[in-house]
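The residues making up each chain are set out below.
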Amino acid sequence: MKGLYRPGDSPIHRLAPQCKLVAVVLFAVVVVATPRERFWAFLLYALSLAAVTLIARVPVGYVVRRLAVELPFVVFALAIPFIGVGERIEVMGVSLSVAGLWAAWNILAKATLGVAASILLAATTEPRALLLGAQRLRVPQLLIQIATFMLRYLEVILDEMRRMKVARESRGFTPRDVRQAPVLAKSAGALFIRSYERGERVHLAMLSRGYTGTMPTLTDDRAPKTQWAMAAVLPIVASAVLFVS
Amino acid sequence: MTLDVRDLAYAYPDGTQALFGVTLSIARGERVALLGPNGAGKTTLVMHLNGILTAGHGEVVVAGLPVNKENLREVRRRVGLIFQDPDDQLFMPTVREDVAFGPANMGLRGAELDRAVVTALEKVGMADAIDRPPHHLSFGQRRRVAVATVLAMDPEILVLDEPSSNLDPASRRELATILRSLDVTVLMVTHDLPYAMELCERSVILSGGVIAADGPTGEILADGDLLAEHRLELPYGFAVPTPPARG
Amino acid sequence: MTLDVRDLAYAYPDGTQALFGVTLSIARGERVALLGPNGAGKTTLVMHLNGILTAGHGEVVVAGLPVNKENLREVRRRVGLIFQDPDDQLFMPTVREDVAFGPANMGLRGAELDRAVVTALEKVGMADAIDRPPHHLSFGQRRRVAVATVLAMDPEILVLDEPSSNLDPASRRELATILRSLDVTVLMVTHDLPYAMELCERSVILSGGVIAADGPTGEILADGDLLAEHRLELPYGFAVPTPPARG
Amino acid sequence: MHVPDGFFTAPVAIGAGVVAAAAVAVSLRKAKTELDDRTAPMAGLVAAFIFAVQMLNFPIAAGTSGHLLGGALAAILVGPYTAVLCVSVVLAVQGFFFADGGLTALGINVVLMAIIPSALGWGVFQLVTRVARNRASVVAGSFVAALISVPIAALTFAVLFVLGGTAPIETGAVFAAMGGVHVLVGIGEGLITAVTVSSVLAVRPDLVYGARFLTKPLVLKTATGEQVVEPARPEPVKPLRPFLVGAVAVALVLAGVVSFFASSSPDGLERVAEDEGFIGAATDHAFGGFALADYGDVGGIPVGIAGIIGVVITLLVGGAILWSVRQKTTAA
Ligand SMILES: Nc1ncnc2c1ncn2[C@@H]1O[C@H](COP(=O)(O)OP(=O)(O)OP(=O)(O)O)[C@@H](O)[C@H]1O
Ligand SMILES: Nc1ncnc2c1ncn2[C@@H]1O[C@H](COP(=O)(O)OP(=O)(O)OP(=O)(O)O)[C@@H](O)[C@H]1O
Ligand SMILES: [Mg+2]
Ligand SMILES: [Mg+2]
């Protein structure tokens, strides 16, 4: 399961995952804590993310396209000025709520920055590395284990879906209209059990090779201080902006 | 000409090139064994024959129809493919539904469909398991059901990717008997040279993505140097018998 | 006594009973072939030997340790199991990581770990594929890597579930050579009777979930009636040779 | 329902974060009783399944759509504590690996989508299966549990929104939108949960935590003939009575709080809208992302009442199913 990961070789890609994780969370906290009136603080946050994007050599278009995750909330945010209560102003003949406008701006700005930061994290860090990072940050083993299996199973499910599709098609099946829905529904039921059992067998194979619940870490993955220092730049810049503004 | 592959080259999406220009024709009613070392490209070639993979270069023609988007349905009706891994073949919740899937897609219904299903399962000796989920069968049982799913479709060309692996010896012989009794063109990938000898009058060696030899099975298996060059060898205790009469 | 199975019975969760009381002992250093028809319960039996399935009734003792929750780790360190389906065995993103998984869990690190990985891959002739993803290999290549993952762990007892299926003939012989060169106890499930003959001095027939015969391979393979009763038969063109000397 | 950054005020986000952390910590301790090394992959699969299921947005009515939560399903398949962990992991992965849901809103998302549906779903499931211990009741219990968990989670969202939403929207509208429409989502969730549980039950009854079947006796074939023996059984699962009581209590408190807020004058936190009709119409678009139908004050139903109606419908449907299951078992 690749998630949003884009393989690459940049200083950001090379940064230890635990450092990136902490940096992104701190950044999000600073952004959320910023009063919504400080427009230019948000502008500076956006600029610092843009700088990270450049250093990481992640295409801007990629980030923008992935921002679509936010879409339902954008729709919501845009509607608030119309349905918001309280004092109203006329903008081009439409009556809008003042508090609603503020709220919309607040949600849009903060959510967009938060999502963009997460996208950058996910785009520059392999999911497995992220899990290792979380493990280093002392996230409870059981959670890591469930997440590991989950990513693994997403792969198994996709794989089984692909196999089943090839098998169906090579026996003359073309999903063209609703009448074929029962076939798909049936194979969906089988898919759950099949993926489970495939995953179970794989898990048993892991156990029989001495797996005890933690992936063996083959390298010393403690991050050197310089890495922490590099990662700290983003949240420090952000807090400086917050403080100065 | 029933099956015609011309200059076929193919590279997987990750860049591994598996076929480097394969040319091969098989006439109607022939039974041909496709031999070659692991990783030679046999499965890759076979997957082109009913359009699961599409040629990167060159073309595949089945019964006069080039394998392309328009003809795909027709080609798949004619070419029955038994995969190397039975798990790739079975996907419905019960064996019955799985075997019925192909014939039902071809329009069979009711009693006729039932008959096709039961007949195919009886041929491979799995009629007892008709209501069990395929993924709860043993590996060899799954392979037998996989063979049944294709037999039930009554294809004109049967392509089998290592059908005999994981089968017990009796089932192996029974499969050979079934194949001999059908009036179809057969292309069978196998690592079991005696089995190739028993079943196919002609053998093709695919090695490193190209055809390395093509001729009567008896002659090919008798050429020790040729075999050794392509990681093939006759098994322990095997003496080349005189080939059986075709039947 | 290295491996000891007593009165083992097991039913799968869906209610299918696969073993009906199996008793079997294998001494240290023996090489035993486990034969039997499809669905006999061979895989089910084998899965009990390192505690992947736990006995519904009866018990399994490995090197004096009963297979239960407490001893599981120790038992799994000693018993290396090669699965019938290589896709069940390979799960890491690259061949290197997959082969390293077992030894790393046992505490190997750095250069020592690398050496173990490379040695195991060289034994099966897959050193070239070390950085490829296992699921992009051909079926036979995957099976070879699966064998390497277990060899890298250096087990005392090696249990192989149809290791030779889908292997090209040369790899098959190479595997036999490897197995003969290792100083381990071997239990090998196979449908390839000549292969059993070549490699194992003793054979056990499992049929319908119970042991139907147990004795020297030569004698068992010579008993045509016994074989026929359990859907076993010598392949086309095979003549029982005098068994080779152990070594 | 994935809440992004900046949607709630800091106190609510922090408060929810604390609650979530506490619940996850408790679940971590308790999950050890539910999980062994064979069920760990099941937790992973359930997480993966929920992940997939949450990506499927399905249409509800009038061009709006919603997605499933999966908490009740998880509780039934792997037990309530593991379920909390599974869904929390799904949310964390969505946040960190797929940028879905705000990182600072993780606590809120965990409360809404992991804790409430799992706890409540498990409680309801226990109630139904306590009435009758058979396959039908397991399937019916799954349906009811999932059905109820969704609107309650939605109403919790509404309560949080009233407490600390950053948008000035009239309270009643929020309840109407969230409560009313999520009854419909709940029906979809109930159906999918019941179908999944029943198909797992058919082939792998051992995998349904809430319904560990009796294993059949084994047959031994010996030289002297056949003999029937009892199989070694897995240790019985301890009943989770305190959990059940807790879940029901939470549900009751929630329902009470919800009814209180919904029925009382909404000006406690926000001023009444100047134009009721306008609000009713615009809400459709506003909650497009949450999936909502024009339920609000259409047909003269006061918006504040809609939330309660949602709860009542849910309870009625649930009660009816419970009752029919009980009939079935007494008849048998
Ligand atoms: N999905 C894939 N992606 C990338 N490379 C692949 C993939 N499948 C196979 N290959 C490579 O293509 C080559 C040919 O593979 P193929 O499966 O056709 O071999 P084969 O002749 O069927 O071997 P076997 O006897 O082991 O089944 C091999 O080098 C293999 O590693
Ligand atoms: N997961 C499962 N659930 C239910 N029944 C099963 C399962 N796996 C195997 N069985 C059944 O148990 C019996 C023994 O199966 P097993 O896999 O042990 O056979 P086998 O001897 O290994 O056969 P093969 O040679 O085909 O691999 C068979 O009847 C099979 O259908
Ligand atoms: Mg192949
Ligand atoms: Mg088997």
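Provided above is the structure to which this section pertains.
Keep in mind that what you see is a predicted model, and the values were worked out from it rather than measured. (Residues numbered from 1 in each chain as written. Chains lettered and ligands numbered in written order. Predicted model: local features only at pLDDT ≥ 70, side-chain atom pairs only at ≥ 80, totals over all residues. Heavy atoms only, no water.)

**A word on the pairing of strand β1 (residues 88–91) of chain A**
Residues and elements named next belong to chain A.
- Pairing analysis gives 4 bridges linking β1 to strand β2 (residues 94–97), with the strands arranged antiparallel. If you follow R88 over to β2, its bridge partner there is S97.
- Counted along the chain from β1 to the antiparallel partner β2, the turn is 2 residues long, and its residue M92 has a positive phi close to 50 degrees. (Pairing = 2+ DSSP bridges. Helix = DSSP H or I, 4+ residues; strand = E, 2+ residues; numbered from the N terminus.)

**Regarding the sheet that holds strand β1 (residues 3–11) of chain C**
- Spatial strand order, β2-β1-β4-β5 (chain C): 4 strands in an open sheet with antiparallel pairing. Each edge of the open sheet carries a strand with a single partner, namely β2 (17–26) and β5 (65–66) of chain C.

**Description of the site of ligand 2**
- Surveying the vicinity of ligand 2 reveals 21 residues, the closest of which are B:S138, B:G140, C:K42, C:T43 and C:T44.
- The site occupied by ligand 2 is bordered by residues of chains B and C.
- In this structure, an oxygen atom belonging to ligand 2 sits 2.8 Å away from a main-chain N or O atom of C:G39.
- Coverage of ligand 2 by the protein amounts to 91% of the 640 Å² it exposes when considered alone.
- Those elements that provide at least two residues to the shell around ligand 2 are α5 (139–151) of chain B together with α1 (42–48) of chain C. (Near = heavy atom within 4 Å. Polar contact = N/O pair within 3.5 Å; in protein donor to acceptor, adjacent residues only side chain to side chain. Areas by Shrake-Rupley, 256 points an atom, 1.4 Å probe, with all protein chains shown as cover.)

**Some remarks on the site of ligand 1**
- As a matter of local geometry, ligand 1 sits amid 21 residues, with B:K42, B:T43, B:T44, C:S138 and C:G140 nearest to it.
- Near ligand 1, residues from chains B and C are present, making the site a shared one.
- Contacts to ligand 1 include B:N38, whose side-chain N or O atom sits 3.0 Å from an oxygen atom.
- Within the contact set of ligand 1, an oxygen atom lies 2.7 Å away from a backbone nitrogen or oxygen of C:G140.
- Against a free-state accessible area of 640 Å², the protein chains account for coverage of 91% of ligand 1.
- Taken together, the elements giving at least two residues each to the shell around ligand 1 come down to α1 (42–48) of chain B together with α6 (139–151) of chain C.
- Broken down by class, the residue content of the shell around ligand 1 amounts to 6 nonpolar, 12 polar and 3 charged. (Nonpolar A, V, L, I, M, F, W, Y, C, P; charged D, E, K, R; others polar.)

**Side note on the coordination of the magnesium ion (ligand 3)**
- Taken together, B:T43 (OG1) and B:Q84 (OE1) make up the full set of protein donors to the magnesium ion (ligand 3), lying 1.9 to 2.2 Å away. Here B:T43, found in helix α1, pairs with B:Q84, found in the loop between β6 (79–82) and α3 (95–105); they are 41 residues apart in sequence, far enough to count as distant. (Donors = N, O, S within 2.8 Å, 3.2 Å for Na, K, Ca; no water.)

**Some remarks on the pattern of salt bridges**
- Overall, the coordinates contain 34 salt bridges over all chains when judged by the stated rule.
- A salt bridge links C:R231 to B:D168, with the nearest nitrogen and oxygen atoms 3.5 Å apart. One end of the pair, C:R231, is in the segment after α10 (224–229); the other, B:D168, is in the loop between β7 (157–161) and α6 (169–181), on a second chain.
- The closest approach of N and O atoms between B:R180 and B:E198, which form a salt bridge, is 3.8 Å. In this pair, B:R180 is assigned in helix α6 and B:E198 in helix α7 (residues 193–199), connecting sequence segments 18 residues apart.
- Judged by its relative accessible area of 25%, B:R180 falls in the partly exposed class. (Salt bridge = Lys/Arg side-chain N within 4 Å of Asp/Glu carboxyl O. Buried < 20%, exposed > 50% of the residue type's maximum accessible area, 1.4 Å probe, protein only.)

**Regarding the sheet that holds strand β8 (residues 185–189) of chain B**
All names here are of chain B.
- Strand order in this open sheet of 6 strands is β6-β7-β8-β3-β9-β10, and the pairing throughout is mixed. In this open sheet, the two edge strands, each paired with only one partner strand, are β6 and β10 (210–216). Averaged over all neighbouring strand pairs, the angle between strand axes comes to 15 degrees, with direction disregarded.
- In this sheet, β7 lies alongside β6 in parallel orientation, the contact comprising 4 bridges. The partner of I82 across the bridge, within β7, is L160.
- Along the sheet face, α5 touches β6 and β7 and points at about 175 degrees away from the line of β6. (Axes fitted to C-alpha atoms, helices over the stretch in contact; angles between N-to-C directions. Contact = heavy atoms within 4.5 Å.)

**Section: the environment of A:R152**
- Of note, A:R152 is situated in helix α8 (residues 141–170).
- With 24 residues separating them in the primary sequence, A:R152 and A:R128 have C-alpha atoms 9.9 Å apart.

**Here's the deal with unusual backbone geometry**
- Look at A:R57: it is not a glycine, yet its phi comes out positive at around 55 degrees.
- Take A:R57: it is sitting in the loop between α3 (39–56) and α4 (60–66).
- On the basis of relative accessibility, which here comes to 59%, the residue A:R57 falls in the exposed class.
- In this model, B:N166 sits at a positive phi of 70 degrees, which is unusual for a non-glycine residue.
- Note that B:N166 resides in the loop between β7 and α6.

**Topic: the packing of aromatic side chains**
- Counted according to the given criterion, the structure contains 11 aromatic pairs over all chains.
- Ring plane angle 90 degrees and centroid distance 5.2 Å describe the contact between C:Y10 and C:Y12, whose orientation is recorded as edge-to-face.
- Look at C:Y10 and you get buried, because its relative accessible area is 9%.
- The class of C:Y12 is partly exposed, set by a relative accessible area of 30%.
- Clustering of aromatic rings is evident, with ring pairs tying together A:F27, A:F39, A:F42, A:Y45, A:W102 and A:W105.
- Taking the ring centre of A:Y62 as reference, the NZ or CZ of A:R6 above it sits at 5.0 Å.
- Residue placement shows D:K221 over the ring face of C:F20; its charged tip is 4.1 Å from the ring centre. (Phe/Tyr/Trp six-rings, centres within 6.5 Å; stacked < 30°, edge-to-face > 60°. Lys NZ or Arg CZ within 6 Å of the ring centre and 35° of its normal.)

**Considerations on the coordination of the magnesium ion (ligand 4)**
- Surrounding the magnesium ion (ligand 4) are the protein donor atoms C:T43 (OG1) and C:Q84 (OE1), at 1.8 to 2.2 Å.
- Under the relative-accessibility criterion, C:Q84 is labelled buried at 10%.

**Considerations on the interface of chain B and chain A**
- Residue-level contacts link 22 residues of chain B with 21 residues of chain A.
- In total, about 1,900 Å² of surface goes out of reach between chain B and chain A, with carbon and sulfur atoms giving 53% of it.
- Contact with chain A buries area across many residues of chain B, yet B:R73, B:F91 and B:H135 alone supply 29% of it, more than any other trio.
- Our enumeration of links across chain B and chain A arrives at 0 salt bridges.
- Secondary structure elements with two or more residues in the side of chain B that touches chain A: α2 (72–78) and α3 of chain B.
- Sorting elements by how many residues they give to the side of chain B that touches chain A places α3(B) first, with 5 residues.
- In terms of residue class, the side of chain B that touches chain A is made up of 8 nonpolar, 7 polar and 7 charged. (Buried area = accessible area lost by both parts, 1.4 Å probe.)

**Points about the packing of helix α4 (residues 95–105) of chain C against helix α5 (residues 110–123) of chain C**
All names here are of chain C.
- One can describe the packing of α4 onto α5 by two numbers: an axis separation of 9 Å at closest approach and a directional angle of 120 degrees. Taken together, α4 and α5 sit at an angle that is classed as oblique. The element α4 and its partner α5 pack so that their crossing is right-handed. Each of V95, R96, V99, A100, P103 and A104 in α4 lies in contact with α5, whose residues at this interface are L113, V117, A120 and L121.
- Of the residues contributing to the contact of α4 with α5, the split by class is 9 nonpolar, no polar and 1 charged. (Parallel < 35°, antiparallel > 145°, perpendicular 65-115°, else oblique. Left-handed = near helix turned anticlockwise from the far one by under 90°.)

**Quick notes on the pairing of β7(B)**
Residues and elements named next belong to chain B.
- A large share of β7 lies buried, amounting to 5 of its 5 residues.
- Of the two faces of β7, the one carrying I157, V159 and D161 and the one carrying L158 and L160 are both buried.
- Where β7 lies against β8, 5 bridges are found, and the strand directions are parallel. Across the sheet, D161 pairs through a bridge with V189, a residue of β8.
- Considered for its hand, the β-α-β crossover made up of β7, α6 and β8 is right-handed. (Right-handed = clockwise from strand over helix to strand, strands pointing away.)

What is shown is where atoms sit, not what they do.
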